[in-house]
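Listed here are the chains, written in short residue letters.
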Amino acid sequence: MNKLDKIIQISKNRGFVFPAAEIYGGLKGFYDFGHLGVLLKNKIKKLWLQSVVFKRDDIFLIESSLIGPKKIYEASGHLNNFQDPLVECKQCHQRFRNDHLLKGEYGKIEIKNNKPLCPLCKGQLTEEKQFNLMFKTFAGPVENSAAEVYLRPETAQGIFYNFKHYLNFTRTKLPFGIAQIGKSFRNEITPKNFIFRVREFEQMELEFFTKPKESKQWFNFWVAERYKWFLKLGFNQKNIRQRKYNKKELAHYSTATIDIEYKFPWGWDEVEGIANRTDYDLKNHSQYSQEDLSYFDQTTKKKIIPYVIEPSLGVERLMLAILLEFYNEDTVKEETRNIFKFPPFLAPIEVAVLPLLSNKQNLIKKSQSIYYDIKQNFQAVYDENGSIGKRYRRQDEIGTPFCLTIDFQTLKDDTITVRDRDTTYQERIKINEIKDYLKQKIEINI
Ligand code: ATP
């Protein structure tokens with residue numbers, strides 16, 4: 001079984017992530033997240049907030065609406081431009097993204113009369129047409145064009161149309177940023193590679209507004225800053241790279257874009273994009289809404305439309321990169337174990353409390369009191385089912401970095417054993433020192 005399949009299997013069996021609505025046959029491109037998946041996503045989001053928002057003074061938070069009127073997307077250009085090239089097989093009716101098809105992403109393609117054939121059944125393909133990726137619905141009881149609304153395809157537009165509010169709320173000067181974490185929706189032609197390309201996902205986006213003249217310098221700053229963040233998360237430098245877009249690849253609003261890519265099993269692919277979106281969005285929203293979204297520059301006494309630098313990434317895509325990066329198999333005592341070697345600050349469960357198998361009431365009581373105390377400060381679980389070896393394996397498979405075992409010696413001298421997931425090394429520590437020990441191992445300054 002290849003690594004990706006193994007991860008898909010563990011994710012489902014252990015409750016990280018699994019197909020949505022499976023009992024009804026599932027829905028392609030949609031996933032549900034279990035307890036461990038939610039904990040991991042929360043850690044990712046917390047680490048992004050710490051790095052992008054909380055360690056700085058010039059970034060503010062927002063949570064804007066997921067559904068918006070058509071006007072927003074006329075102004076942003078999404079209604080006209082947010083589309084992918086689509087072809088359909090005339091024989092098996094499978095649809096493909098033509099650019100991905102030509103790159104060989106669906107396997108080797110045969111060409112007949114200068115035209116590619118369907119990689120599945122060798123049928124003829126239709127001419128390419130543009131397919132808009134936005135989900136449309138209606139707000140209210142009447143389904144007419146006046147009630148037409150869209151699920152947002154990116155969180156960014158809610159930041160742009162609220163720009164004026166932030167100038168008022170914060171009384172801040174350029175440069176400053178507005179950050180948002182939230183769901184986005186894209187009706188992808190072919191969702192694939194597990195949670196890499198899905199139709200509903202969470203984005204973490206920053207729109208950092210600058211004076212036009214300073215935008216290049218801030219673009220470089222954010223590329224460097226974001227790249228460093230991936231290294232701090234523990235990615236091996238060999239698996240992370242920056243890729244600059246050539247002119248042809250740039251989105252209609254961008255003058256420069258660099259992707260941070262991960263070496264996925266199918267090749268290098270985007271995890272985060274950092275774009276210079278210029279003044280395109282604010283200008284267009286000003287024009288379409290007739291609201292003045294300019295900024296008054298006190299030094300030059302002139303109105304300007306700020307430029308914006310946007311680092312944007314998907315939580316699920318990063319989660320998949322993390323699962324791939326830290327998954328390992330090794331052998332302990334002649335037994336193969338599946339193990340996620342997450343850095344402790346990323347682990348969904350940080351510590352497991354495992355009492356020695358015993359029916360001695362005082363041992364159970366002691367174990368539970370240690371567990372509930374630790375649970376106040378750490379993401380902890382209690383497990384008394386099965387042999388200690390089996391319990392360690394279960395924790396290894398979900399990436400728990402520390403297991404605490406409580407035995408009869410604990411009752412005598414108030415010490416417990418801490419077992420390290422990666423080395424399996426065990427040391428005895430005084431109960432009253434355990435929280436400091438864990439804190440020091442788990443905390444990260446990001
Ligand atoms: P791609 O070329 O892979 O479709 P994109 O360039 O359209 O991505 P952006 O619009 O730059 O993506 O979105 C910013 C980030 O949002 C991406 O780097 C990715 O992490 C995430 N993202 C975008 N589309 C999806 C999707 N369909 N599923 C999961 N994450 C996504």
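Residues numbered from 1 in each chain as written. Predicted model: local features only at pLDDT ≥ 70, side-chain atom pairs only at ≥ 80, totals over all residues. Heavy atoms only, no water.

(A) Spatial organisation of the nonpolar core. Counting 60 residues, the largest nonpolar core has Trp48 and Leu318 as the members making the most contacts within it. Taken domain by domain, the makeup of this core includes at least three residues from each of domain 1 (3-68 + 154-323) and domain 2 (333-442). Excluding residues that lie within four positions of it along the chain, Trp48 makes contacts with Val53, Ala179, Gln180, Ile181, Met204, Glu205, Leu206, Arg226, Trp229 and Leu313. Leu363, Ile374, Phe402 and Ile416 belong to the second-largest nonpolar core, a separate cluster that totals 18 residues. (Core = buried A, V, L, I, M, F, W, Y, C linked by side-chain atoms within 4.5 Å. Buried < 20%, exposed > 50% of the residue type's maximum accessible area, 1.4 Å probe, protein only. Domains from an automatic or database assignment. Contact = heavy atoms within 4.5 Å.)

(B) Representation of the layout of surface pockets in the model. In this structure, the second largest pocket encloses a volume near 420 Å³. Taken together, 17 residues form the lining of the second largest pocket, with Lys43, Lys46, Phe345, Glu350 and Ile442 sitting closest to its centre. Here the element with the most residues in the lining of the second largest pocket is helix α2 (residues 35-54); it accounts for six residues. Partitioned by chemical class, the residues of the lining of the second largest pocket number seven nonpolar, four polar and six charged. In this structure, the lining of the second largest pocket is formed jointly by two domains, domain 1 (3-68 + 154-323) and domain 2 (333-442), each of which donates at least three residues. (1 Å grid on protein atoms, 1.4 Å probe; cavity = no way out; pocket = protein on both sides within 12 Å on 5 of 7 lines; lining within 4 Å. Points joined across faces, edges and corners; volume = space filled by probe spheres on them. Helix = DSSP H or I, 4+ residues; strand = E, 2+ residues; numbered from the N terminus. Nonpolar A, V, L, I, M, F, W, Y, C, P; charged D, E, K, R; others polar.)

(C) Main features of the sheet that holds strand β6 (residues 95-97). If you walk across this open sheet you meet the three strands as β6-β5-β9, and the pairing is antiparallel. Only two strands of the sheet have a single partner each, and these edge strands are β6 and β9 (129-132). Strand-to-strand twist of the sheet, defined as the mean angle between neighbouring strand axes without regard to direction, takes the value 50°. (Pairing = 2+ DSSP bridges. Axes fitted to C-alpha atoms, helices over the stretch in contact; angles between N-to-C directions.)

(D) Geometry of the pairing of strand β20 (residues 327-332). In this sheet, strand β21 (residues 335-340) lies alongside β20 in antiparallel orientation, the contact comprising six bridges. In the sheet register, Tyr327 faces β21, and the bridge partner there is Phe340. What sits between the antiparallel neighbours β20 and β21 is a turn of two residues, in which Lys333 has the positive phi angle 50°.

(E) Quick look at the environment of Ser76. Position of Ser76 among the secondary structure elements: in helix α3 (residues 70-76). Judged by its relative accessible area of 1%, Ser76 is buried. Separated by 184 residues in the primary sequence, Ser76 and Ile260 place their C-alpha atoms 24 Å from one another. In this structure, Ser76 is in contact with Gln157, His252, Tyr280 and His285, ignoring residues within four places of it in sequence. Separated by 3.5 Å, the side chain of Ser76 and the backbone oxygen of Tyr73 make a polar contact. (Polar contact = N/O pair within 3.5 Å; in protein donor to acceptor, adjacent residues only side chain to side chain.)

(F) Seen up close, the site of the ligand. Taken together, the neighbourhood of the ligand is formed by 15 residues, with Glu188, Arg197, Val198, Glu270 and Val271 sitting nearest. Between the ligand and Arg317 there is a distance of 3.0 Å, counted from an oxygen atom to a side-chain nitrogen or oxygen. Expressed as a share of its isolated accessible area of 590 Å², the protein-covered part of the ligand is 84%. Of all elements in the fold, only β13 (200-210), β16 (267-278) and β19 (307-314) reach the threshold of two or more residues within the shell around the ligand. Here the element with the most residues in the shell around the ligand is β16; it accounts for four residues. Of the residues that constitute the shell around the ligand, the class distribution is five nonpolar, four polar and six charged. (Near = heavy atom within 4 Å. Areas by Shrake-Rupley, 256 points an atom, 1.4 Å probe, with all protein chains shown as cover.)

(G) The pattern of salt bridges, seen in detail. Throughout the structure, instances matching the rule amount to 42 salt bridges. We note a salt bridge from Glu154 to Arg277, for which the minimum N-O separation is 3.1 Å. With a gap of 123 residues between them, Glu154 in the loop between β11 (148-151) and α6 (156-160) and Arg277 in strand β16 connect regions that are remote in the sequence. Across this residue pair, the class does not change: Glu154 and Arg277 are buried. (Salt bridge = Lys/Arg side-chain N within 4 Å of Asp/Glu carboxyl O.)

(H) A look at the packing of aromatic side chains. Inspection of every chain in the model, using the stated rule, returns 30 aromatic pairs. On the numbers, 5.7 Å between centres and 40° between planes, the contact of Phe176 with Phe209 is tilted. A residue pair is termed long-range when its members are at least 10 positions apart, and Phe176 in strand β12 (residues 176-185) and Phe209 in strand β13 qualify at 33 residues. We classify Phe176 as buried; its relative accessible area is 0%. Judged by relative accessible area, Phe209 falls into the buried class, the value being 0%. Ring-pair connections join several aromatic residues into one group, and the members of that group are Phe16, Phe196, Trp229, Phe230, Phe235, Tyr262, Phe264, Trp266, Phe326, Tyr327, Phe340 and Phe342. Cation over ring: Arg317 sits above Phe196, and NZ or CZ is 3.8 Å from the ring centre. (Phe/Tyr/Trp six-rings, centres within 6.5 Å; stacked < 30°, edge-to-face > 60°. Lys NZ or Arg CZ within 6 Å of the ring centre and 35° of its normal.)

(I) Up close: the domain arrangement of the protein. When its domains are assigned, the protein resolves into domain 1 (3-68 + 154-323) and domain 2 (333-442). Once you take the C-alpha centre of each, domain 1 and domain 2 turn out to be 36 Å apart. With 15 residues of domain 1 in contact, the opposing surface of domain 2 contributes 15 residues. In total, domain 1 and domain 2 occlude about 1400 Å² of area from one another, counting both sides; carbon and sulfur atoms represent 71% of this. Along the contact surface separating domain 1 from domain 2 lie two salt bridges. In this structure, Glu350 and Lys43 form a salt bridge, with 2.5 Å as the shortest nitrogen-oxygen distance. Joining domain 1 to domain 2, the criterion identifies five residue pairs in polar contact (both at pLDDT 80 or more). Breaking the side of domain 1 that touches domain 2 down by element, the ones donating at least two residues are α1 (3-14), α2 and α10 (315-326). In terms of residue count, the dominant contributor to the side of domain 1 that touches domain 2 is α2 (six residues). Grouping the constituent residues of the side of domain 1 that touches domain 2 by class yields eleven nonpolar, no polar and four charged. (Buried area = accessible area lost by both parts, 1.4 Å probe.)

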